[in-house]
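Residues per chain are reported as follows:
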Amino acid sequence: MRKTDVLIIGGSAAGATAAVTARRHYPDKEVLLVRKEGKVMIPCGIPYIFGTLGDPAKNIIPDAMLTREGVKIAVETVEKIDVDKLVVSTHQGEIACERLVVAAGSLPGRLPVSGFDLDGAFPILKDIEHLAELQKRLQSAANVVVIGCGFIGIEFADEINKLGGKNITVLEIAPYCLSLAYDEEFCAEMQALIKSRGIDVRTNAKVAAIQGAGRVASVKLTSGEVIPADVVIFGVGAVPNVEMARAAGLKLGPTGAIAVDRAMRASHKNVFACGDCAEKISFFSGRPSPLRLASIATLEARIAGANLFSIRREHDGTVGVWSTAIGDLAMGTAGFTEGAARQNGYDCVSVEVEGPNRHPGGMPGAAPTKLKLVFERHTGTLLGGQVRGNASAGELINIVAACIQKRMLAEDIATFQMGTHPALTASPIAYHLVNAAEMAIARMRH
Ligand SMILES: Cc1cc2nc3c(=O)[nH]c(=O)nc-3n(C[C@H](O)[C@H](O)[C@H](O)COP(=O)(O)OP(=O)(O)OC[C@H]3O[C@@H](n4cnc5c(N)ncnc54)[C@H](O)[C@@H]3O)c2cc1C
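These figures come from a predicted structure and were not determined experimentally.

Looking at the sheet that holds strand E9 (residues 143-147)
In space, the 5 strands of this open sheet follow the order E8-E15-E9-E10-E11, with parallel pairing throughout. The open sheet has two edge strands with one neighbour each: strand E8 (121-123) and strand E11 (200-202). Going from strand to strand, the sheet's axes swing by 20° on average, the running direction of each strand aside. Pairing analysis gives 5 bridges linking E9 to strand E10 (residues 167-171), with the strands arranged parallel.

Written out as structure tokens, the structure reads:
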């Protein structure tokens, strides 16, 4: 039987980060990463294969980031885990280890409608051959339907639109696209942009069936409307990949993912889990969180990897930070939207500031940038933020996220020390974050 010190199942965001972190924290330990695919897709880059990148082969996590840290790689499919003996069985034999990290990720969510398995219906698998087949089918497709208008759905629709000459329809059951992540005014702006690019966005649209004889021909809505389709893409979320963990006897949590503690330890000694297959709790309530993101996966992996042989880090809970971009319009969100804060019982104050992200506003690269912050009224604690702007929105929202994670108050943010430059940032007089906090303080006082 082969032996290693640390065995990691999974080679994507969580597995790769856990492996590198383990080597950095425990350089004397051998780390073996076992994954089933020869080449691992960059999961967040998948939509860009179809337009901007043009080839799945351009969207690969380089093995060098593992091998230069001394991580060993085995391309094998794990079939069984013995969590008591710490032995993993693959199609090539058994491997024993001292510590096991399960980072087996997620699988695409299934829509409970007939026709889900028809030829031409594509769930989003993070698999190079599946994506190459989708790309091939898209070349000749005249009518493409994307189901789900979250960030994955809109990114897919916009990238496929870049191929030209296709009717693209995006279907969303909610009243707005992106409505789980942004307040309505942000959603409306993104929706208007997508429509202006020639994509047909249908909201309040519930799918009844995918229709076709063996091959996809159309999508039927519960309203009775039928939309022609040569290819249907499902952007309807992900479910944790836990069958192997369940069979091994690892405890699962309330959302069906592998139960973990704050140190990312699973229910069995010396077994850890991280990424999409691991249970998450909300930073705010401590309740189960359904969010599954690469950024969360890597955070959890940095915690798991550091804790393998002694506890060095703990998880504060998932804040939930992410961004998307269509053309030059970028949007970011962190923590609670105003709607979600109110739904969760918070008495809150929200403020919006808008201004250029350079100074003066005529500088190259300047774009009108809107920041909305949501504070708890009685304590002044920052609960959430949303940004709309150009590429700089991606980093601005990360600053907002750091303020949330450190439970900063409006007063802390109003006296935040920042550096500014005409070519790089908003003016120090009208710095979005500081001005929004100052306005919120005034509103909380009165
Ligand atoms: C189209 C798309 C776009 C996205 N964009 C973003 C984004 O912009 N930002 C963001 O934060 N998140 C994004 N996400 C979410 C992100 O992709 C996931 O949160 C992330 O991939 C989770 O990483 P993971 O390592 O936990 O799991 P996965 O990426 O699912 O990887 C699981 C790994 O485990 C391996 N594995 C599973 N079972 C076995 C087995 N039996 N034997 C061996 N190996 C096994 C797999 O082969 C794979 O290597 C996007 C997702 C999709 C689908």
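Topic: the site of the ligand
Looking at the ligand, there are 33 residues lining it, with Ser12, Ala14, Glu37, Lys126 and Asp276 nearest. Between an oxygen atom of the ligand and a main-chain N or O atom of aspartate 276, the distance comes to 2.8 Å. Serine 295 places a main-chain nitrogen or oxygen 3.2 Å from an oxygen atom of the ligand. Protein contacts shield 91% of the accessible area of the ligand, which totals 1,000 Å² for the unbound molecule. Taken together, the elements giving at least two residues each to the shell around the ligand come down to helix H1 (13-25), helix H4 (151-161) and helix H7 (294-306). Here the shell around the ligand is built from residues that sort into 17 nonpolar, 9 polar and 7 charged.

Considerations on the nonpolar core
Core analysis: the largest hydrophobic core is formed by 49 residues, its most contacted members being Leu7, Ile81, Leu100, Val102, Ile258 and Cys274. Only strand E1 (2-9), H1, strand E2 (31-35), strand E4 (78-82), strand E6 (93-102), helix H6 (243-248), strand E17 (271-273) and H7 provide two or more residues apiece to this core. Looking at this core element by element, the count peaks at 7 residues for H1. Dropping the residues within four chain positions of it, valine 102 is found in contact with Ile9, Ile81, Leu250, Ile258, Val271, Phe272, Ala273, Cys274 and Cys277.

Some points on the pairing of E9
Most of E9 is tucked away, with 5 of its 5 residues classed as buried. Burial along E9 is two-sided: the residues Asn143, Val145 and Ile147 and Val144 and Val146 are all buried. As for the winding sense of the linkage, the β-α-β connection from E9 through H4 to E10 is right-handed. Examined bridge by bridge, E9 and strand E15 (residues 231-234) share 4 bridges and lie parallel to one another. Looking at the pairing, valine 144 lines up with valine 231 of E15.

Section: the packing of H1 against H7
Viewed as axis vectors pointing N to C, H1 and H7 meet at an angle of 30°, and their least axial separation amounts to 7 Å. Taken together, H1 and H7 sit at an angle that is classed as roughly parallel. Considering the relative orientation of H1 and H7, their crossing is right-handed. Contacts between H1 and H7 involve Ala13, Ala14, Thr17, Ala18, Thr21, Ala22 and His25 from the former and Ala294, Ala297, Thr298, Ala301, Arg302, Gly305 and Ala306 from the latter.

Examining the state of the cysteines
Within this structure, the stated rule accounts for 0 disulfides. With no disulfide partner, cysteine 149 has as its closest neighbouring cysteine sulfur the one in cysteine 177, 4.2 Å distant.

Let's talk about helix H3 (residues 128-140)
Between the first and last C-alpha of H3 there are 19 Å, a value that for 13 residues agrees with the 18 Å anticipated at 1.5 Å per step. Along H3, the residues classified as buried are His130, Leu131, Leu134, Gln135, Arg137 and Leu138. Considered in projection along H3, the buried side chains sweep an arc of 165° and stay on one side of the axis. Seen from the open side of H3, the exposed residues pointing more than 90 degrees away from its buried face are Glu129, Lys136, Gln139 and Ser140.

Calculation criteria
- Residues numbered from 1 in each chain as written.
- Predicted model: local features only at pLDDT ≥ 70, side-chain atom pairs only at ≥ 80, totals over all residues.
- Heavy atoms only, no water.
- Pairing = 2+ DSSP bridges.
- Helix = DSSP H or I, 4+ residues; strand = E, 2+ residues; numbered from the N terminus.
- Axes fitted to C-alpha atoms, helices over the stretch in contact; angles between N-to-C directions.
- Near = heavy atom within 4 Å.
- Polar contact = N/O pair within 3.5 Å; in protein donor to acceptor, adjacent residues only side chain to side chain.
- Areas by Shrake-Rupley, 256 points an atom, 1.4 Å probe, with all protein chains shown as cover.
- Nonpolar A, V, L, I, M, F, W, Y, C, P; charged D, E, K, R; others polar.
- Core = buried A, V, L, I, M, F, W, Y, C linked by side-chain atoms within 4.5 Å.
- Buried < 20%, exposed > 50% of the residue type's maximum accessible area, 1.4 Å probe, protein only.
- Contact = heavy atoms within 4.5 Å.
- Right-handed = clockwise from strand over helix to strand, strands pointing away.
- Parallel < 35°, antiparallel > 145°, perpendicular 65-115°, else oblique.
- Left-handed = near helix turned anticlockwise from the far one by under 90°.
- Disulfide = S-S within 2.5 Å.
- Expected span 1.5 Å × (residues − 1).
- Arc of directions from axis to C-beta.

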